[in-house]
Amino acid sequence: MTPRLHLDKASLRRQLLAERRSLSVVERQQYSQAIAVHLQASSLFQRATTVLSYWPLGAEPDLRSLLLQPKQWALPRCQNQRLYAHCYQFEQPLAKDCAGVLAPLADSLTVSPAEIDLLIVPAVAVDKEGYRLGYGGGYYDRLRADPAWRSIPAIVVAYAAQIMSELPHDPWDIPFSAVCTENGYWLID
Ligand SMILES: Nc1nc2c(c(=O)[nH]1)N(C=O)[C@@H](CNc1ccc(C(=O)N[C@@H](CCC(=O)O)C(=O)O)cc1)CN2
Ligand SMILES: Nc1ncnc2c1ncn2[C@@H]1O[C@H](COP(=O)(O)OP(=O)(O)OP(=O)(O)O)[C@@H](O)[C@H]1O
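The shown structure was predicted, so the numbers you read here are calculated from the model rather than taken from an experiment. Note that residues are indexed from 1 along each chain, following the sequence as it is written. The lettering of chains begins at A and the numbering of ligands begins at 1, in the order of writing. Reporting of local features is limited, given that this is a predicted model, to residues whose pLDDT is at least 70; pairs of side-chain atoms are given and counted only at 80 or more, and all residues count toward the totals for whole chains, interfaces and linings. Just so you know, side-chain values use all the structure's heavy atoms and leave hydrogens and water out.

Peer 1: Any chance you could break down the state of the cysteines for me, citing the residues and the numbers?
Peer 2: Sulfur atoms of two cysteines make up a disulfide when they are within 2.5 Å. With the rule as written, the count across this model stands at one disulfide. For Cys 78, the disulfide goes to Cys 98, at an S-S distance of 2.4 Å. Measuring handedness by torsion sign, the sulfur bridge of Cys 78 and Cys 98 sits at about -70 degrees and is left-handed. Of this pair, Cys 78 sits in strand β2 (residues 72–79) while Cys 98 sits in the loop between β4 (94–96) and β5 (102–104); the two residues are 20 residues apart in sequence, bridging distant segments of the chain. By relative accessible area, Cys 78 is classed as buried at 3%. There is no disulfide at Cys 87, and the cysteine sulfur nearest it, in Cys 78, is 18 Å away. Starting at the N terminus, helices and strands are each numbered in turn, a helix being any DSSP run of H or I of at least four residues and a strand any DSSP run of E of at least two. For every residue, the accessible area (1.4 Å probe, protein chains only) is compared with the maximum for its type, and the residue is labelled buried under 20%, exposed over 50%, or partly exposed between those bounds.

Peer 1: Please give an account of the site of ligand 1 that cites residues and values.
Peer 2: As a matter of local geometry, ligand 1 sits amid 15 residues, with Trp 55, Glu 60, Tyr 135, Tyr 139 and Tyr 140 nearest to it. N or O atoms closer than or at 3.5 Å make up a polar contact, with two conditions inside protein: a donor-capable atom paired with an acceptor-capable one, and, for residues adjacent in sequence, both atoms drawn from side chains. Backbone polar atom of Trp 55 to a nitrogen atom of ligand 1: 2.7 Å apart, as the coordinates give it. Contacts to ligand 1 include Tyr 135, whose side-chain N or O atom sits 3.3 Å from an oxygen atom. Here ligand 1 loses 73% of its free accessible area of 680 Å² to cover by the protein chains. Here a cavity denotes a set of grid points, spaced 1 Å apart and computed over the protein atoms alone, in which a 1.4 Å probe fits but from which it cannot get out, and a pocket denotes an open set meeting protein on both sides within 12 Å along at least five of seven lines; residues with an atom within 4 Å of a point are reported as lining. Criterion for pocket placement: a molecule counts as inside a cavity or pocket if more than half of its atoms are within 2 Å of its grid points. Of all the cavities here, the one that holds ligand 1 is the largest pocket. If a single non-hydrogen atom of a residue is within 4 Å of a molecule or strand, that residue counts as near it. To be clear on the numbers: accessible area is Shrake-Rupley with a 1.4 Å probe, and residue cover counts the displayed protein chains and nothing else.

Peer 1: Help me get a handle on the UniProt feature "binding site: substrate" (unreviewed entry) in the chain, residues and values and all.
Peer 2: UniProt positions are given in the numbering used here, feature names are shortened, and annotations may be inferred rather than shown by experiment. UniProt marks Glu 60 with the feature "binding site: substrate" (unreviewed entry), using the numbering shown here. As for its placement among the helices and strands, Glu 60 is situated in the loop between β1 (50–52) and β2.

Peer 1: Lay out empty space enclosed by the protein with the relevant residues and their values.
Peer 2: Grid points are joined across faces, edges and corners, and a volume is the space filled by probe spheres set on the points. Within the structure shown, the criterion is met by one cavity of 30 Å³ or more. As for the largest cavity, its lining consists of Arg 132, Tyr 140, Asp 141, Arg 144, Asp 173, Ile 174 and Phe 176. Of the residues forming the lining of the largest cavity, the biggest block, three residues, is contributed by helix α4 (residues 139–145).

Given below as structure tokens:
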């Protein structure tokens, strides 16, 4: 938890992505499982009927085991620089979207923000105030700039090594409601 505020977002992103890749496959699997356990114990998760989660990319926490829980699941699909929530059912076909992430097919059912109770969002880094650093595409920032999305509780997930005391943030960054790592889950007040 070294203060690295002096670094800009791009340098922090490079550094934190390298740190994440340096975790072994076994560490990532163990931590991902622990994150899933903490998430399932949270009241935000337990109360949610419809959840927008994510399909893991690179060394991100792999929370695909959650997709077996009895909830209505949705996954993001990137199109024209925007994210759309599509329904996901176990073993439904997926294809890479414009960001290179596996996503439901373009013609699959979409879910409106009014139906979604919870967002689960991966991060490259997170700080103590719930500010998130992502890959730099601004996809979740643009999504959450819409008032219909902004009001949905949103949990940001990362490995504990990605938690910083303070990250630089821009006017468009909206802090998250809660943070979850392999070491625990906490709400941001
Ligand atoms: N799993 C997952 N899905 C997501 C996101 C995410 O962060 N993670 N997104 C969040 O916005 C959106 C897609 N945005 C993205 C923007 C840039 C890159 C990107 O530059 N990827 C690197 C690979 C990094 C790695 O392998 O760890 C690359 O292509 O070089 C990926 C996704 C929606 N879906
Ligand atoms: N509400 C918004 N409206 C328009 N553009 C936005 C908005 N939010 C962010 N952006 C644009 O997105 C770009 C990337 O922002 P930032 O570096 O904060 O991404 P990030 O949160 O790390 O990425 P991601 O959410 O894709 O993982 C910025 O250059 C910014 O111009």
